[in-house]
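# Structure assessment
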Amino acid sequence: MSRNTSDIYKASINILGSCVTRDIFFTHHNDGGYRIFQYVNFFSPISLCEGPVSIDLERYNSSDFSEYATSFRKRCVMHDLTKQSIDYIAQKKTDWLILDTGLFRRNLCLLGDKKQTCFAEKEDFLKYLSKQKIIPEIVGEISIEDISDEDLEKRMKFFIDKILSMYPVENIVLIEAKNSLIKADKSGNISGFDDVDYHMIENNRMSRCYKLMKNMLKGCHIIPMPENVVADAGHRLGLSPLHYTMGYYDYALSVFDCIQKKLPIEKEQSHIQKLFDKCNMDYAGKYFSALADSYINLSKQKNQSELKIITYNTNGLRAAVGKGLPEWLAQEQPDVLCIQETKLQP
């Protein structure tokens, strides 16, 4: 998994998370100087407490699924179905375990009469497996929104207890992941995603689970999510609200470098806050004017009798941007945006 060619590296890492975490390292030379051993994605931590899904492992392992899944996805899905994702991580002891909340963005897929569950992928891989009778028939989904607080806490505790049996809490890093509601093309032109409502639903799922994890992993290290992160339409894996522009990955690697130094907690948190604020301001400086222009251009293109106009007294544009103004505008989708009291010098 690692691209390091030397045995000299800062620290070793296992990852239980989405592409958000993997790309923090992959986007930097030699994985930022770290050694990545085990990496698990496409896995539902809150279904871990249930029994394994009935699966024809012989056919699964011998079949060619290249039309539907990479070898990496095939392995991760198998571990999720058999509830062996944690066992796979445990095969390699590392300095750090990194978790991210991107794993909680999807619902649970319901399979067969026994109502077994797994990570509900948006792709067609599970549907193909079900059609080939390698796994039971897909009979529906369990919405995370419909899981009670008590049940979700019980499911999460099972997962966290497994993690804490392998790593002390001070060797665990929790990354807050969110869908970006704004995307940028290669020229830096930005616009909102078409399906903002769905991305907001996923953000609510991730936020709910993030709060639980923080509470159960008190003493772990946190990489918080800046408010103004923009998705990259030119990302190596294609456009996705979890595929960010390089500014985020530089920020997150700098935060992890800080954590790796094992500073006193107060000093670590102070340094991380400075990096967090700088990332917010860097994104604001690079993209905010383009955001305003994109909405004005949109209003010119529309042929309609009514326009949605927002007039906003920011009482300081930098402060408003730091509090999530770009994401709010992406959600509101105004045709015309008027800004007053920016308190910026020409």
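All of these numbers come straight from a predicted model, not from anything done at the bench. (Residues numbered from 1 in each chain as written. Predicted model: local features only at pLDDT ≥ 70, side-chain atom pairs only at ≥ 80, totals over all residues. Heavy atoms only, no water.)

We now examine the overall build of the protein. Check the secondary structure of the protein and you find 11 helices and 13 strands. The contacts of the protein with a sequence gap of at least 6 include a subset with a gap of at least 24, amounting to 78%. Surface exposure of the protein reaches about 16800 Å², of which carbon and sulfur atoms provide 48%. (Helix = DSSP H or I, 4+ residues; strand = E, 2+ residues; numbered from the N terminus. Contact = heavy atoms within 4.5 Å. Areas by Shrake-Rupley, 256 points an atom, 1.4 Å probe, with all protein chains shown as cover.)

Ranked by internal contacts, the top residues of the largest apolar core, which has 40 residues, are Ile13, Phe25, Ile223, Tyr244, Tyr248, Tyr251 and Phe256. Secondary structure elements with two or more residues in this core: β1 (12–16), α1 (19–26), β2 (35–40), β3 (96–100), β7 (172–175), β8 (182–184), α8 (246–260) and α9 (265–301). Here this core takes nine residues from α8, the largest share from any one element. Aside from chain neighbours lying at most four places away, what touches Phe256 is Ile13, Phe25, Tyr34, Trp96, Ile98, Val173 and Ile223. (Core = buried A, V, L, I, M, F, W, Y, C linked by side-chain atoms within 4.5 Å. Buried < 20%, exposed > 50% of the residue type's maximum accessible area, 1.4 Å probe, protein only.)

Glancing now at the sheet that holds strand β10 (residues 221–223). Sheet architecture is open: five strands sit in the order β2-β1-β3-β7-β10, paired in parallel fashion. Two strands bound the open sheet, and with one partner strand each, they are β2 and β10. Adjacent strand axes in the sheet meet at a mean angle of 20° when their direction is disregarded. Where β3 and β7 come together, four bridges link them in parallel fashion. For Leu97, the partnering residue across the bridge sits in β7 and is Ile172. (Pairing = 2+ DSSP bridges. Axes fitted to C-alpha atoms, helices over the stretch in contact; angles between N-to-C directions.)

With that settled, the discussion passes to the confidence of the model for the protein. Here the protein averages 88 in pLDDT, and 90% of its residues register 70 or above. Across residues 1–6 the pLDDT falls below 50, and counting only partners more than four positions away or on other chains, this stretch makes 21 contacts in the model. Note that residues 298–303 has pLDDT below 50 and, in this model, four contacts with residues that lie over four places away or in other chains. (pLDDT = per-residue confidence, 0-100.)

Moving on, we get to unusual backbone geometry. Here the phi dihedral of Asn30 falls at roughly 50°; this positive angle occurs in a residue that is not glycine. With respect to the helices and strands, Asn30 occurs in the loop between α1 and β2. In this structure Asn30 comes out as partly exposed when scored by relative accessible area, which is 22%. The residue Lys262 is not glycine, and still its phi comes out positive at about 55°. By the secondary structure assignment, Lys262 is in the loop between α8 and α9.

The sheet built from three strands is open, its strands ordered β5-β4-β6 with antiparallel pairing. Sheet topology places β5 (116–119) and β6 (138–142) at the edges, where each strand pairs with a single neighbour. Ignoring strand direction, the axes of neighbouring strands in this sheet form an average angle of 35°. Pairing analysis gives four bridges linking strand β4 (residues 108–111) to β5, with the strands arranged antiparallel. Looking at β5, one finds that Leu111 is bridged to Gln116.

When the terminal C-alpha atoms of helix α6 (residues 149–164) are compared, their 22 Å separation across 16 residues agrees well with the 22 Å that a helix rising 1.5 Å per residue should span. By the burial criterion, the buried members of α6 are Leu152, Arg155, Met156, Phe159, Ile160 and Ile163. One face of α6 carries all of its buried residues, which in axial projection span an arc of 130°. Residues Glu150 and Lys154 are exposed on α6 and point more than 90 degrees away from its buried face. On its buried side, α6 packs onto β1, α4 (85–90), β3, β4, β7 and α7 (196–216). (Expected span 1.5 Å × (residues − 1). Arc of directions from axis to C-beta.)

Burial along β7 is two-sided: the residues Ile172 and Leu174 and Val173 and Ile175 are all buried. Direction of pairing for β7 relative to β10: parallel, over a ladder of three bridges. Residue pairing across strands places Leu174 opposite Ile222, the latter belonging to β10.

A separate point is helix α3 (residues 71–82). Each turn of an α-helix holds 3.6 residues, which means side chains three or four residues apart point in the same direction. Helix length check: α3 (12 residues) gives 17 Å between terminal C-alpha atoms against 16 Å at 1.5 Å per residue, within 8%. Summarising burial for α3: nine of the 12 residues are buried, a large majority. Taken together, the buried positions of α3 are Arg73, Lys74, Cys76, Val77, Met78, His79, Asp80, Leu81 and Thr82. Buried positions along α3 lie against β2, α2 (57–62), α4, β4, β5 and α5 (125–131).

As a further point, take the pattern of salt bridges. Within the structure shown, the criterion is met by 12 salt bridges. The residue Asp23 makes a salt bridge to Arg236 at a minimum N-O spacing of 2.5 Å. You can see Asp23 sitting in helix α1 and its partner Arg236 sitting in the loop between β11 (231–232) and α8, a full 213 residues away along the chain. Relative accessible area serves as the criterion here: at 0%, Asp23 is assigned to the buried category. Between Glu202 and Arg106 there is a salt bridge, with its nearest N and O atoms 3.5 Å apart. Placement of Glu202 in helix α7 and of Arg106 in the loop between β3 and β4 is noted, with a sequence separation of 96 residues between them. (Salt bridge = Lys/Arg side-chain N within 4 Å of Asp/Glu carboxyl O.)

Topologically, Leu152 is positioned in helix α6. Look at Leu152 and you get buried, because its relative accessible area is 0%. Leu152 has contacts with Ile46, Ile147, Arg208, Cys209 and Leu212, leaving out every residue within four places of it along the chain.

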